[in-house]
Each structure stands twice: as C-alpha cells, then as structure tokens.
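# Structural overview
One-letter residues, chain by chain:
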Amino acid sequence: YLMPVHERVMVIGSSGAGKSTLLSALRLGSERVLKTEMVQFNERSIDTPGEFLDHRYLGLLLQNAQRAKLVLFVMDPTQDSRFPPAFDRAMKTRVLGVVTKLDVASPEQRLKARMALSQAGAEEVMECSASTGEGIEELKDRIGQLVRNP
C-alpha cells in the first residue's frame, strides 16, 4: 500500500528510540539514517528529533502532528519513557504505540515499555525490530489500515 501525500505518518520518541530507522524499515523515510536535527518532512512521513519531547518543544510537536494522519509513539524498551501521561489527548489524530529494538530488550523491558506507551495514550501498541525485521510487516499492514480507516 503506497500512502498518498496527505496521509503522512509522524514519529515521536526520545533520541535513540529508532524513529528514523523505523521509518526506513517501513519504507516511509529515507534509506540513509542520520541523527534528526529538525523536523523532517517527506512524502509519507514526518520525522522529529528526540529533543522535541522536552517540555519547551512540545508545542512544535503538536503543531506538526496536525499535518499527520497517524502518529507513532516510538519507544526503546531499554530506556525510561519520556512521554507525558495522556499525551495523546493533545494530538488531533490517532496514536499507535511502537516498542522498538525487540532484539535487545528483555520481556520485562518490553512489558514496561508497552505499559508506558498505553499510559501516554496509545490506543494500541505493537512491537518490532528494524534490525531483524521482526514485526515490521505486521506494523506496516496495521499502519496502512489505520491510515485508510481513521
């Protein structure tokens, strides 16, 4: 499924959570993955710097989220969550939680990340590893469904 331009997917998460790598694995972003220094728009995605989860940048995140059809809350399960509770309420769009780096996380870390994403307001949480490809096809399919049927 190729998404039309007006159906962008936005990724939000801490630095190092794997946002750009995930977009690349989903074929929604650039194949070259670099540190994202500012909000990056392309045809199908909006990539945000991890620093935007800092309180002073939340307004910029929310402003850009209005340009997305779906927002992914992306979390590295080996790190602590930086998502505010009920963060989804500030979004004007659907939110899907994504736990990344399954290949390096323990079951306990994965569970803790799933709970943190749920508390942040993700109505659904999926897991994947961009490195091994585990869960990527399922996530791609689910994103397609959510973007087509808001």
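In this text the structure is predicted, and so the values were computed from the model without any measurement. (Residues numbered from 1 in each chain as written. Predicted model: local features only at pLDDT ≥ 70, side-chain atom pairs only at ≥ 80, totals over all residues. Heavy atoms only, no water.)

Right, let's get into the confidence of the model for the chain. For the chain, mean pLDDT is 87; residues scoring 70 or higher make up 89% of the total. Averaged pLDDT values for the elements of the chain fall to 81 in helix α2 (residues 58-65) and rise to 98 in strand β6 (residues 125-127). Taken as a whole, residues 1-5 scores under 50 in pLDDT and shows twelve contacts with residues more than four places along the chain or in a different chain. (pLDDT = per-residue confidence, 0-100. Helix = DSSP H or I, 4+ residues; strand = E, 2+ residues; numbered from the N terminus. Contact = heavy atoms within 4.5 Å.)

Tallying each qualifying case throughout the model produces three aromatic pairs. Ring geometry for Phe 73 against Phe 83: centres 4.8 Å apart, planes inclined by 25°, an arrangement best described as stacked. Linking Phe 73 in strand β4 (residues 70-75) with Phe 83 in the loop between β4 and β5 (94-99), this pair joins segments that are ten residues apart in sequence. There is no split in this pair, since Phe 73 and Phe 83 are both buried. Considering the side-chain rings of Phe 83 and Phe 87, the 6.5 Å spacing of their centres and the 45° angle between planes classify their relative orientation as tilted. Note on Phe 87: relative accessible area 5%, which makes it buried. Following the ring pairs from residue to residue traces out a cluster consisting of Phe 73, Phe 83 and Phe 87. (Phe/Tyr/Trp six-rings, centres within 6.5 Å; stacked < 30°, edge-to-face > 60°. Buried < 20%, exposed > 50% of the residue type's maximum accessible area, 1.4 Å probe, protein only.)

Taking strand neighbours across the sheet as the criterion, the six strands line up as β2-β3-β1-β4-β5-β6 in an open arrangement whose pairing is mixed. The strands lining the two open edges of the sheet, one partner per strand, are β2 (40-41) and β6. Bridge count between strand β1 (residues 9-12) and β4: four bridges; the pairing is parallel. Following the sheet pairing, Val 11 is matched in β4 by Leu 72. Docked against the sheet, α2 engages β1, β2, β3 (45-47) and β4, running at close to 165° with respect to β1. (Pairing = 2+ DSSP bridges. Axes fitted to C-alpha atoms, helices over the stretch in contact; angles between N-to-C directions.)

Within the largest apolar cluster, 25 residues are counted, with the highest numbers of intra-cluster contacts made by Ile 12, Val 71, Phe 73, Phe 83 and Phe 87. Those elements giving two or more residues to this core turn out to be β1, α2, β4, β5 and α3 (107-120). With four residues, the top contributor of residues to this core is α3. Grouped together as the second largest cluster of nonpolar side chains are 19 residues, Leu 70, Leu 139, Ile 143 and Leu 146 included. (Core = buried A, V, L, I, M, F, W, Y, C linked by side-chain atoms within 4.5 Å.)

On the secondary structure map, Asp 88 appears in the loop between β4 and β5. The spacing of Asp 88 and Glu 123 is 35 residues in sequence and 8.9 Å in space, taken between C-alpha atoms. Apart from the residues within four sequence positions on either side, Asp 88 is in contact with Phe 73, Val 95, Ala 120 and Gly 121.

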